[in-house]
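So the chains spell out like this:
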Amino acid sequence: MWLGPEEVLVANALWVTERANPFFVLQRRRGHGKGGGLTGLLVGTLDVVLDSSARVAPYRILHQTQDSQVYWTVACGSSRKEITKHWEWLENNLLQTLSIFDNEEDITTFVKGKIHGIIAEENKNVQPQGDEDPGKFKEAELKMRRQFGMPEGEKLVNYYSCSYWKGRVPRQGWLYLTVNHLCFYSFLLGKEVSLVVQWVDVTRLEKNATLLFPESIRVDTRDQELFFSMFLNIGETFKLMEQLANLAVRQLLDSEGFLEEKAPPRPPPRPHRNISALKRDLDARAKNECYCATFRLPRDERLDGHTSCTLWTPFNKLHIPGQMFISSNYICFASKEEDACHLIIPLREVTIVEKADCSSVLPSPLSISTKSKMTFLFANLKDREFLVERISDFLQKMPSKPSGGSQAERKASVVDAAPEPSPAPQELSEQPARPTSPLGGLPGGRAQEAPTASQGLLRLFQRNTPVEDLGAKGAKEKMKEESWNIHFFEFGRGMCMYRTARTRELVLKGIPESLRGELWLLFSGAWNEMVTHPGYYAELVEKSMGKYSLATEEIERDLHRSMPEHPAFQNELGIAALRRVLTAYAFRNPTIGYCQAMNIVTSVLLLYGSEEEAFWLLVALCERMLPDYYNTRVVGALVDQGIFEELTRDFLPQLSKKMQDLGVISSISLSWFLTLFLSVMPFESAVVIVDCFFYEGIKVILQVALAILDANVEQLLGCGDEGEAMTVLGRYLDNVVNKQSVSPPIPHLHALLTSGDDPPEEVDIFDLLKVSYEKFSSLRAEDIEQMRFKQRLKVIQSLEDTAKRSVVRAIPGDIGFSIEELEDLYMVFKAKHLASQYWGSSRPAAVRRDPSLPYLEQYRIDAHQFRELFASLTPWACGTHTPVLAGRMFRLLDENKDSLINFKEFVTGMSGMYHGDLTEKLKVLYKLHLPPALSPEEAESALEAAHYFTEDSSSEEVLQQEEREEAGNDIQDKRREEKGTSPPDYRHYLRMWAKEKEVQKETIKDLPKMNQEQFIELCKTLYNMFSEDPMEQDLYHAIATVASLLLRIGEVGKRFSAWPGRKSRDSAPDEDEPPAPDPPQDPAWELQPPAAGDPQAKAGGDTHPGKTPQESQVVGEGGGGEGRGSPSQPLSDDETKDDLSTSSYSVVSTGSLQCEDLADDTVLVGGEARSPVATTHGGGAVDTDWCISFEQILASILTESVLVNFFEKRVDIGLKIKDHRKVERQFSTSSDHEQSVVLG
């Protein structure tokens, strides 16, 4: 490529001059290409270690003048071809012009100006990159593509200098992190190391420090462990590797979500130098995810920026240092001390933003006022003017009409339906009258006007006992309410509340029942989504009513299993509300749909909030707080189960080994985590844990689980099996009580476990929470996210291995491949599917993989991908004819005609070529030259193809009609036989059913006959197949002999078609058929082995007629039968040449045969007279009466031992798979030829 001219003082150091003229010098880097000796090894090593640009560009062109010692680089090239192109341009366009100049300075000025002009012309369509200097990074990306054979679509994210430990020896080199691969290259004193690892194959990624590997990064795949160390900034490198591996794993988990997230957040307005746009995007994505998780904001919120500042907190009269975050809809603040203060200000609540007066005490203050009469004072802002401008821009974009901002509107968010008798009519009457809701329609013909729950079901179904009459419990509840009211007065109420350590203390003491729904909405962030999407829930319910799916069926099945012991779910009001919420969510998020345990959680949410509130709480749970918990494979719960096992090892090492031996962790954690303890603990106790969960997140669930194990260590250590351990834990959980609850106790079904012995002592839930915080509060949200990433790699790769085993087990045993070969083929097949997602293919192939599908259908490939796999794995390589054969194989395998094939179909096709005897292999090859494998485009013409297919289908219809008639007669006969017999013989029907279910083994007699054109295609394929075989000439002679024999057999068979009935049936369509338009060329084909010295014929298996008299003579002897009933006679050379236009066999157009390697002038030579039923095309004809059966082809091939040996030859598919993987990754080597790029 052309380079901006730069000075070079020492032109010949480490370079060799190859060409020169008075103004330019072309040089090659020492050590590049063959040879080079010790100097070359040293130069190569220096280039890698020091990241010299010469590794990318081993050639360069320098500008020089005769009297000057200074050289200027003007171009570089990665190959001789590229640099030669630049050199020739300079010679042709500049040399004459430069010779006119007298002054050398003018020459140099002119050359520099010309080169800058060329570069400007090339870059005029490229968008400017701000302050970024793309030169260095672009150079590294070019090096990566060339070194590892990556396509243009593979983008480099960043690259780092490091050492790779091969054994105990560190190899210094460069680590390239691309979107889909981790690559490493090192060249030290002639020793080359090249590694390529796909991120989707990484099973473990961790940063560790050992004596052997000081501060290293470990990368594990299924078959290797890699260690990298000596990074300049190991933290940044590891963080980026985590992000890339996480993106790849997300792709395996949920490709639809992955594609939606592919568009990253907007990068910061001022990029750093030498950092790729992708790196900035990933950093922006990581910050954005952290921001949304910290403040529980909707997932589509985009962080615009953040700055350090102080916040004035009126409750303790302090300026608290921290960070202010601004996004499109929120202003948030987080103190440096974790629990000091958190603040969320929705911009929809903001009324005034003003710059206050600066002072030495309060520099750069900013005041923000809200609708709820609260004012927040920020100070010490570095760039206050810009900040106010950004906030103003976002405020202008806010919708002008406020959408329900104040907390007082909470109870009016969902409308009521027509009133219906309920256990608490006085509670319903307190609500303002509202119009009838459209939410009443229920599936399955249920009551169409079921009332909508407009408030928490607990209020409707609890006993109407005033709090004052509950004694000590009532007083405690009253104190809690009063404490929260004081907190609201001091810290604010609603979304803009100051959240401090005091807030956490109150949550741990228990949220009063009257405030539980409101605070759940605030702490979970569900309130934000609800007020910004007014009417969304009602619209969803209306749309989802009457829609049936697997999810709605499962919901109906589980409705009456959701807290059946609670009175709220013992009547239609509660059941209908639960049905609507679950169905609406399944309709909103079909990826999750419905998962068991969602019904239990949702029923509790409905007790404390209206339907709409419960719906948005469920959205917050499933999509943000418990990510991936409720998908088809409960991945999120399995990930947190892995974290729980890891924490058990850290905190309870004496118990960890025992629990693993018993297998208890996997049994308990899913039920504990998926239902937030609601299914295993008394309701009034579990709901206190849910309070803490909405405030603290998953950390609380893990802490409580550890505390439960800790409380039962001694008993668990004494358990002999899993059942005993489960009983110990079950009995303990049944006796966790909430002595402060004012609700009437609800019988807990799980308590049935407690039988026989005396129950254990009661444990107060608040004591359990206190212990969990005292012993295990060292858990931090950041640490949990880090552990989640590590466990997600393990879990998803484990699920992928399970899927692989399931798919391999689904392959029939007679397929011929071993388990290991099938697994290798599966990995290759899966990699090909994923490659279509990597590089943005627009083809329809499973661009979206649906993990809810059966394992066999999750990965599918299209025809283009199949052609690539077929070319590298097939034992029947046919040169340039291979793609044609691959297309036919794909059509043969694609039975449902959806243009995609799954792994089972793929393996079936491969097995047909690799396994079985000669007959089975020939049967596959035979089918590849019959419809549907042989497409209409590959026939002589569209009209002729249509004629053949019509004839075939009509005969099929006749056969089907005959079969139906016979079946009808059989049934009538059976009825006559069975009439009067009692009881009926059901065994007969069972036998018939079993016979239908049996896979009908196809016999060679079931194969349809092949017409002449299809036979020609088969012969073409065989010629191409033999072109690179060591026994090439013997095979050509054998197939010529066989083909000639078969042509004569087909001609003999024609004579039997002269019967009157057959003739009238067969010839009628041909007489009416209009002749096809003349083809532009009149090529033909000759069945003759090519001469040994003809390379063109060798490659394609074709010959040219009339080259030598001998060629025509051989064909004349092989192809007799000039006309119907005429004897077979050998033809002379002249007769052959004269009678080409009247051949009774075939003159086939090259275009219709879809085969590039057939010459335009080859011909299949036959007899003199044209068959009466031949279809005319230009200068030749295809004999429609001619046909051959599979048995005849098989019998003919058996006469030639060389052909038998060819098809019975064993080919190791394992070697093919290894070669395929090498081609896919194509490590580049130093070469004077341009490196070809292999897509893959």
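Residues numbered from 1 in each chain as written. Predicted model: local features only at pLDDT ≥ 70, side-chain atom pairs only at ≥ 80, totals over all residues. Heavy atoms only, no water.

Colleague: Is there a simple way to explain the overall build of the chain in this structure?
Modeller: When helices and strands are tallied, the chain shows 47 helices and 27 strands. A burial count over the chain gives 53% of its 1240 residues as buried. A sequence separation of at least 24 residues applies to 69% of the contacts in the chain between residues at least 6 apart. Of the roughly 56,900 Å² of accessible surface on the chain, a fraction of 54% belongs to carbon and sulfur atoms. (Helix = DSSP H or I, 4+ residues; strand = E, 2+ residues; numbered from the N terminus. Buried < 20%, exposed > 50% of the residue type's maximum accessible area, 1.4 Å probe, protein only. Contact = heavy atoms within 4.5 Å. Areas by Shrake-Rupley, 256 points an atom, 1.4 Å probe, with all protein chains shown as cover.)

Colleague: Looking at this structure, how should I read the sheet that holds strand 6 (residues 156-166)?
Modeller: Sheet strands associate in pairs through backbone hydrogen bonding, adopting either a parallel or an antiparallel arrangement. What the seven strands build is an open sheet, ordered 9-8-7-6-12-11-10; its pairing is antiparallel. The open sheet is flanked by strand 9 (191-198) and strand 10 (204-208), the only strands paired with a single partner. Recorded for the sheet is a direction-independent mean angle of 30° between the axes of neighbouring strands. Note: strand 10 against strand 11 (residues 216-220), five bridges, orientation antiparallel. Bridging from a neighbouring strand, Arg204 pairs with Asp220 of strand 11. (Pairing = 2+ DSSP bridges. Axes fitted to C-alpha atoms, helices over the stretch in contact; angles between N-to-C directions.)

Colleague: Would you take a moment to explain helix 27 (residues 722-734) for this structure?
Modeller: Three or four residues apart is the spacing at which side chains of an α-helix point the same way, because the helix has 3.6 residues per turn. Its 13 residues give helix 27 an end-to-end C-alpha distance of 18 Å, which sits within 8% of 18 Å, the value for a rise of 1.5 Å per residue. When helix 27 is considered as a whole, its buried residues turn out to be Ala725, Val728, Leu729, Gly730, Arg731, Tyr732, Leu733 and Asp734. Measuring from the side-chain oxygen of the N-cap residue of helix 27 to the backbone nitrogen of Gly723 gives 3.3 Å; that N-cap residue is Asp721. (Expected span 1.5 Å × (residues − 1). Polar contact = N/O pair within 3.5 Å; in protein donor to acceptor, adjacent residues only side chain to side chain.)

Colleague: Help me out: how do you make sense of the pairing of strand 5 (residues 71-77) in this one?
Modeller: Side-chain direction in a regular strand flips from residue to residue, so the side chains alternate between the two faces of the sheet. Of all seven residues making up strand 5, seven are buried, and the element is well covered by its neighbours. Both strand 1 (residues 2-8) and strand 5 contribute to a ladder of four bridges, which runs antiparallel. The residue of strand 5 that forms the bridge with Trp2 is Ala75. Note that strand 4 (residues 59-63) and strand 5 share five bridges and pair antiparallel. Bridge pairing in strand 5 links Leu62 to Thr73.

Colleague: How should I be thinking about helix 16 (residues 536-544) in this particular structure?
Modeller: Inspection of helix 16 places Tyr537, Leu540, Val541 and Ser544 among the buried residues, and these make up the whole buried set. All buried residues of helix 16 fall inside an arc of 100° around its axis, so they share one side. Buried-residue contacts for helix 16 involve helix 18 (572-588) and helix 20 (611-625). A positive phi of about 85° marks Gly546, the residue just after helix 16. (Arc of directions from axis to C-beta.)

Colleague: Please clarify how the environment of Leu347 should be interpreted in this entry.
Modeller: Relative to the elements of secondary structure, Leu347 occurs in the loop between strand 16 (342-346) and strand 17 (350-355). Separated by 19 residues in the primary sequence, Leu347 and Ser328 place their C-alpha atoms 8.2 Å from one another. Filtering out sequence-adjacent residues up to four positions away, Leu347 remains in contact with Ser327, Ser328, Asn329, Tyr330, Ile331, Ile391, Phe394, Leu395 and Met398.

Colleague: Would you explain the sheet that holds strand 14 (residues 318-327) in this entry?
Modeller: Strand order in the open sheet formed by seven strands is 16-15-14-13-19-18-17, and the pairing between neighbours is antiparallel. The outermost strands of the open sheet, each flanked by one partner alone, are strand 16 and strand 17. Each strand of the sheet is rotated relative to its neighbour by a mean of 30°, with strand direction disregarded. In this structure, strand 15 (residues 330-335) lies alongside strand 16, joined through five bridges in antiparallel fashion. Bridge assignment links Phe333 to a residue of strand 16, and that residue is Leu343. Its contacts with the sheet put helix 8 (residues 277-295) on strand 13 (303-313), strand 14, strand 15 and strand 16, and the angle it makes with strand 15 is roughly 80°.

Colleague: Just to check I follow, could you spell out the packing of aromatic side chains for this structure?
Modeller: For any pair of aromatic rings, geometry is given as the distance between the ring centres together with the angle between the planes. Applying the stated criterion across every chain, the model contains 46 aromatic pairs. Ring plane angle 55° and centroid distance 5.6 Å describe the contact between Tyr164 and Phe184, whose orientation is recorded as tilted. On the criterion of sequence distance, the pair formed by Tyr164 in strand 6 and Phe184 in strand 8 (residues 181-188) is long-range, its members being 20 residues apart. The two residues Tyr164 and Phe184 agree in class, both being buried. Here Tyr926 and Phe1190 contribute two aromatic rings whose centre-to-centre distance is 5.2 Å and whose plane-to-plane angle is 70°, an arrangement assigned as edge-to-face. Highlighted residues: Tyr926 in helix 35 (residues 918-927) and Phe1190 in helix 45 (residues 1190-1197), separated in sequence by 264 residues. (Phe/Tyr/Trp six-rings, centres within 6.5 Å; stacked < 30°, edge-to-face > 60°.)

Colleague: I keep staring at the nonpolar core and nothing clicks. Help me out?
Modeller: When a protein is soluble and globular, its nonpolar side chains tend to lie buried together. Ranked by size, the top nonpolar core spans 272 residues in total, and within it Phe228, Phe378, Tyr630, Trp672, Phe677 and Phe906 carry the most contacts. Counting residues per element, this core draws most heavily on helix 6 (residues 234-253), which supplies eleven residues. Each residue touching Phe378, except ones within four places of it in the same chain, is listed here: Cys309, Thr310, Leu311, Met324, Phe333, Leu343, Ile345, Ser364, Pro365, Leu366 and Ile368. Grouped together as the second largest cluster of nonpolar side chains are 18 residues, Phe23, Ile83, Leu98 and Val111 included. (Core = buried A, V, L, I, M, F, W, Y, C linked by side-chain atoms within 4.5 Å.)

Colleague: So what exactly am I meant to see when it comes to the pattern of salt bridges here?
Modeller: Opposite charge on two side chains allows them to pair when their charged atoms are near. With the rule as written, the count across this model stands at 38 salt bridges. Close ionic contact of Lys790 with Glu646 constitutes a salt bridge, the shortest N to O distance being 3.4 Å. Linking Lys790 in helix 29 (residues 781-810) with Glu646 in helix 21 (residues 635-651), this pair joins segments that are 144 residues apart in sequence. Here Lys790 falls in the partly exposed class, since its relative accessible area comes to 22%. The residue Glu1017 makes a salt bridge to Lys1020 at a minimum N-O spacing of 3.4 Å. Here Lys1020 and Glu1017 lie together in helix 38 (residues 1012-1025), a separation of three residues that amounts to about one turn. For the pair Glu1017 and Lys1020, one class covers both residues: buried. It is possible to trace a salt-bridge network through shared partners that takes in Glu18, Arg28 and Arg80. (Salt bridge = Lys/Arg side-chain N within 4 Å of Asp/Glu carboxyl O.)

Colleague: How do you make sense of the pairing of strand 13 when you look at a structure like this?
Modeller: Here ten bridges tie strand 13 to strand 14, and the two strands are oriented antiparallel to one another. Bridging from a neighbouring strand, Thr307 pairs with Met324 of strand 14. Where strand 13 hands over to strand 14, the hairpin turn is made up of four residues, of which Lys317 adopts a positive phi near 55°. Across two bridges, the pairing between strand 13 and strand 19 (residues 375-379) is antiparallel. For Thr310, the partnering residue across the bridge sits in strand 19 and is Ala379.

Colleague: What's the story with the side chain of Asn1024 in this structure? I'm lost.
Modeller: With respect to the secondary-structure elements, Asn1024 resides in helix 38. Engagement of the side chain of Asn1024 in a polar contact is seen with the backbone oxygen of Lys1020, the distance being 2.8 Å.

Colleague: Explain the confidence of the model for the chain to me, please; I cannot follow it from the model alone.
Modeller: Segments scoring low in pLDDT should not have their predicted coordinates read at a detailed level. In this model, the chain carries a mean pLDDT of 75, and residues with pLDDT of at least 70 account for 69%. Ignoring residues within four places in sequence, the model shows residues 127-133, a span with pLDDT below 50, making eleven contacts including any to other chains. For residues 971-984, every residue scores under 50 in pLDDT, and the model assigns this stretch three contacts once sequence neighbours within four places are set aside. (pLDDT = per-residue confidence, 0-100.)

Colleague: Honestly, the environment of Val219 in this entry has me stumped. Any pointers?
Modeller: Here Val219 shows up in strand 11. The spatial distance from the C-alpha of Val219 to the C-alpha of Val197 is 9.3 Å, given a sequence separation of 22 residues. The residues contacting Val219, other than those within four sequence positions of it, are Leu182, Val202, Arg204, Leu205, Gln224, Glu225, Leu226, Phe228 and Met241.

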